[in-house]
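# Chains, contacts and geometry: an overview
This is what each chain is made of:
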Amino acid sequence: MNILEISDVSKRFRGVQALDRCTLNVQAGTVHGIIGPNGAGKSTLMEIVSGGLKPDAGRIVFDGADITSHSRAKVARLGLLRSFQVPRLLPKVTVLENAMIARQHQAGESVVRSFFRRSWVSEEAEIMLTAGQALEEVGMRHKALALANAISGGQAKLLDFGRAFIGDPRLVIFDEPVSGVNPRLRTELSRLILQLKERGTTVVVVEHNLAFLEDICDIVAVMVMGQVLMEGTLDDIRRDRRVVDAYLGKDMTA
Amino acid sequence: MGTYLLTLGAFAAIQATVVLGLNIQFGYAGILNFAYITFVAIGAYTTAVLTLGSGSQYFVQQHIVHVTVPWPLALLISGIVSSVLSLFLIMLLMKRLRSDYLAVAMVALGEVVWTVIGNDTSLFNGWDGLVGIPQPYNNLGSTTTAEAAFFGITVAVALLAYLFTRNIYRSPMGRLLRSVREDPTVAETFGRSVGRARLVAFCLGGFLAGVGGGLMAMQTGAWSPNAFTPLETFFIFAALIVGGTASPLGSVVGAVVLLGVIDEITRWLPAILAPSLISSLRFILIGIIVLVVLKVRSQGIVPEPNARRYQQFLRRELRDKWAPPLGRAAADDPAAAPAWAASRAYVSGAVRKLLAARSSR
């Protein structure tokens, strides 16, 4: 079953055709990699899927619902979580609360209820414990009460991953999660992605690092010039002449 | 001297109420409302109109508002009017303008309202303003008793405003507002409506502005455009920054220190300078204090609670919520006691671990 269906999506910026009738299907429960040269439209596509940009043409269906013209918030409410290339944290808020915000539909966020402590306190405790467990999962528990502007780049990455464990999203998009990440943290991040998959979350990863994709991906799509050139396992892709010419280069095929 | 201190105390308490309102808007949600004093003025005029009495000679009394309401109701209505007008305004502006543009539009709005009210004598008597606004319980024997009564009222209102603001900070809605302040895109990424959150902050802050404005009008007994020059907004911002942005206690401290004490200190300065310069000294003094605080302690005198709030929350949870019910359940069903004990150990263990995670700041 396809959880995400992108059909014939086009997007033009001034003179640049960023996406040109791009079609891509993501199967539920898989880890789907997207590779391609810079400027191929990967990030634009992810931005459109998550509601940050409106496509010029085409249709996007997520979990049976047409989300083509949905706002960011509306897409998120359906269970699609997008993580950014540089983790976006709330700097002057604690790590714990940075994690807790990942849980949607909190009762205490309504104006009236917020004045009646009893109506939200037990939910708050439960969210807090869930967030605490997620931080434990990613090895960030010792920083729970530090402010997010006081943690390192790698820790920010881990916290960003931890958020994906909290709201139980149906699909998570990671945009170049291991760019500028040391090898040890990279192994850790691939472990976390596989763990997400185990929990039944579908994962889409936009990435340049093939070794990383090798560890986690069930299927990889290659994007070139705003279109999906081909899809398949990483081995299929390495053998494909067009991909080698467009993206990998000769020495990567060995 | 006693009467003077009571009057000064009441003044500081009113300022605290007003600063707390701005704290919700700017401190929590990060909205740069440079027309904040306008909403204070709306509250002041509302209270004036509702309490002046039909005997007064002003147009509004004779032709629009025929009723006179008791002071608590007048304050409440002032808050609501100010809040509702905030709502209208923000629905008009916020849809179209981003934060920085909104700030500029707000400056313009403050000027426009100020000029219109000042020049339109038929509405609120123009620059001369409204006089004879009654202060509650001002007929209680001596001046000192009357001032003491009003001091009591203002402190009670300020206390309620403080608890109100603190409660918002501690609730999940407070977290939502702070996340909108820190990064609206993150809030949206997690499914929150940023526009709605800003609207809520704006209305709640506008309510406190209105109530504070009503009290101001009652204290001075008069209200005219001179009392809400657009520049006043920046003194309220200064008090918020000096006290500690987003900190409820900080707002109170900032209001008392900057708007209460410092404002009055200029009065006691030796008359070396020409008397006309003394009032300008207020601006210089406030400017210097803001600069010094930003340099020495940029988070303000009382910083935002943040992590401390969570430690308190966790402790209370552990003590009040988890431990007693689990104990009772174990007592009711001895067979299940080991399971309950295990779950209790799990919960308290999880909470303790989180508690142990001290901030490394």
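These figures come from a predicted structure and were not determined experimentally.

## Some remarks on the overall build of chain A
Each helix and strand in chain A was counted, giving 10 helices and 10 strands. Here the C-alpha atoms of chain A give a radius of gyration of 19 Å, agreeing with the 18 Å that 2.2 N^0.38 yields for 254 residues. Over its C-alpha atoms, taken along the principal directions, chain A stretches across nearly 60 × 40 × 35 Å. Evaluated residue by residue, chain A yields a buried proportion of 56% over its 254 residues. When the accessible surface of chain A is summed, it comes to about 10500 Å², and 49% of that surface belongs to carbon and sulfur atoms. In chain A, the 32 positive side-chain charges and the 30 negative ones have mean positions that sit 5 Å from each other.

## Concerning the overall build of chain B
The helix and strand inventory of chain B stands at 15 helices and 2 strands. By the burial criterion, 52% of the 361 residues in chain B qualify as buried. Relative to all contacts within chain B whose residues are 6 or more apart in sequence, the contacts with residues 24 or more apart total 77%. With an accessible surface of roughly 15800 Å², chain B has 68% of that area assigned to carbon and sulfur atoms.

## Concerning empty space enclosed by the protein
All told, the structure shown has 2 cavities of 30 Å³ or more when counted by the stated rule. There is about 70 Å³ of room inside the largest cavity. Of all elements in the fold, only strand S6 (80-83) and helix H6 (153-163) of chain A together with helix H9 (184-189) of chain B reach the threshold of two or more residues within the lining of the largest cavity. With 3 residues, S6 of chain A is the largest single contributor of residues to the lining of the largest cavity. Considering only residue class, the lining of the largest cavity consists of 4 nonpolar, 2 polar and 4 charged. There is about 40 Å³ of room inside the second largest cavity. Of all elements in the fold, only helix H2 (72-77) and S6 of chain A reach the threshold of two or more residues within the lining of the second largest cavity. Looking at the lining of the second largest cavity element by element, the count peaks at 3 residues for H2 of chain A. Residue composition of the lining of the second largest cavity, grouped by class: 3 nonpolar, 2 polar and 2 charged.

## Quick word on the confidence of the model for chain B
Considering every residue of chain B, the mean pLDDT works out to 85; 83% of them sit at 70 or more. Across the predicted assembly, pTM comes out at 0.89 and ipTM at 0.91.

## Concerning a nonpolar patch on the surface
Residue and element names in this part refer to chain B. A contiguous nonpolar surface patch, about 710 Å² in accessible area, is contributed by Val107, Leu231, Phe234, Phe283, Ile284, Ile288, Val292 and Val296. The dominant element in the nonpolar patch, judged by the number of residues it contributes, is helix H13 (residues 275-296), at 5 residues. Along the chain, Leu231 turns up in the loop between strand S2 (222-223) and helix H11 (232-243). Among the residues examined, Leu231 registers a relative accessible area of 44% and is labelled partly exposed.

## Looking at helix H5 (residues 99-119) of chain B
All names here are of chain B. The end-to-end C-alpha distance of H5 is 30 Å, a good match for the 30 Å that 21 residues give at a rise of 1.5 Å each. Buried residues of H5: Leu102, Ala103, Met106, Gly110, Trp114, Ile117 and Gly118, and no others. Summarising the axial view, the buried residues of H5 lie within an arc of 135°, below the 170-degree limit, and thus occupy one face. Exposed and facing more than 90 degrees away from the buried side of H5 are Tyr101, Val104 and Asn119.

## Description of the packing of aromatic side chains
Within a pair of aromatic rings, the relevant descriptors are the distance that separates the centres and the angle that separates the planes. According to the stated counting rule, one finds 13 aromatic pairs over all chains in the structure shown. By the ring-pair criterion, three or more aromatic residues cluster together here, those being Phe26, Phe34, Phe234 and Phe237 of chain B. In this structure, Arg88 of chain A is placed above the aromatic ring of Phe84 of chain A, and the distance from its NZ or CZ to the ring centre is 5.1 Å. Across the ring face of Tyr169 of chain B, the terminal group of Arg178 of chain B is positioned such that the distance to the ring centre comes to 4.3 Å.

## Focus on the sheet that holds strand S4 (residues 57-62) of chain A
Residues and elements named next belong to chain A. Ordered by their spatial adjacency, 4 strands build an open sheet running S2-S1-S4-S5, and the pairing between neighbours is antiparallel. Looking along the sheet, the strands with just one partner apiece sit at the ends: strand S2 (16-27) and strand S5 (65-66). Two elements, strand S1 (residues 2-13) and S4, share 5 bridges in a ladder whose sense is antiparallel. By the bridge assignment, Ser10 is partnered in S4 with Ala57. Contacts between helix H1 (residues 42-49) and the sheet are confined to S1, S2 and S4, with S1 contributing the most and set at about 115° to the helix.

## Here we look at the interface of chain A and chain B
The interface of chain A with chain B comprises 47 residues on the first partner and 47 residues on the second. Of the roughly 4400 Å² buried at the junction of chain A and chain B (both faces included), carbon and sulfur atoms supply 63%. Put simply, chain A and chain B have 8 salt bridges between them. Between Arg175 of chain B and Glu124 of chain A there is a salt bridge, with the nearest N and O atoms lying 3.0 Å from each other. Linking chain A with chain B are 16 residue pairs in polar contact (both at pLDDT 80 or more). Those elements giving two or more residues to the side of chain A that touches chain B turn out to be H2, S6, helix H3 (95-100), helix H4 (111-114) and helix H5 (117-137) of chain A. Looking at the side of chain A that touches chain B, the element that brings in the most residues is H5 of chain A, giving 11 residues. Here the side of chain A that touches chain B is composed, by residue class, of 23 nonpolar, 10 polar and 14 charged.

Rules behind the numbers
Residues numbered from 1 in each chain as written. Chains lettered and ligands numbered in written order. Predicted model: local features only at pLDDT ≥ 70, side-chain atom pairs only at ≥ 80, totals over all residues. Heavy atoms only, no water. Helix = DSSP H or I, 4+ residues; strand = E, 2+ residues; numbered from the N terminus. Rg over C-alpha atoms; globule rule 2.2 N^0.38 Å. Buried < 20%, exposed > 50% of the residue type's maximum accessible area, 1.4 Å probe, protein only. Areas by Shrake-Rupley, 256 points an atom, 1.4 Å probe, with all protein chains shown as cover. Lys, Arg positive; Asp, Glu negative; His and termini not counted. Charge placed at Lys NZ, Arg CZ, Asp CG, Glu CD. Contact = heavy atoms within 4.5 Å. 1 Å grid on protein atoms, 1.4 Å probe; cavity = no way out; pocket = protein on both sides within 12 Å on 5 of 7 lines; lining within 4 Å. Points joined across faces, edges and corners; volume = space filled by probe spheres on them. Nonpolar A, V, L, I, M, F, W, Y, C, P; charged D, E, K, R; others polar. pLDDT = per-residue confidence, 0-100. Patch = residues over 30% accessible without salt bridge, like charges linked within 9 Å, V, L, I, M, F, W, Y side chains within 5 Å. Salt bridge = Lys/Arg side-chain N within 4 Å of Asp/Glu carboxyl O. Expected span 1.5 Å × (residues − 1). Arc of directions from axis to C-beta. Phe/Tyr/Trp six-rings, centres within 6.5 Å; stacked < 30°, edge-to-face > 60°. Lys NZ or Arg CZ within 6 Å of the ring centre and 35° of its normal. Pairing = 2+ DSSP bridges. Axes fitted to C-alpha atoms, helices over the stretch in contact; angles between N-to-C directions. Buried area = accessible area lost by both parts, 1.4 Å probe. Polar contact = N/O pair within 3.5 Å; in protein donor to acceptor, adjacent residues only side chain to side chain.

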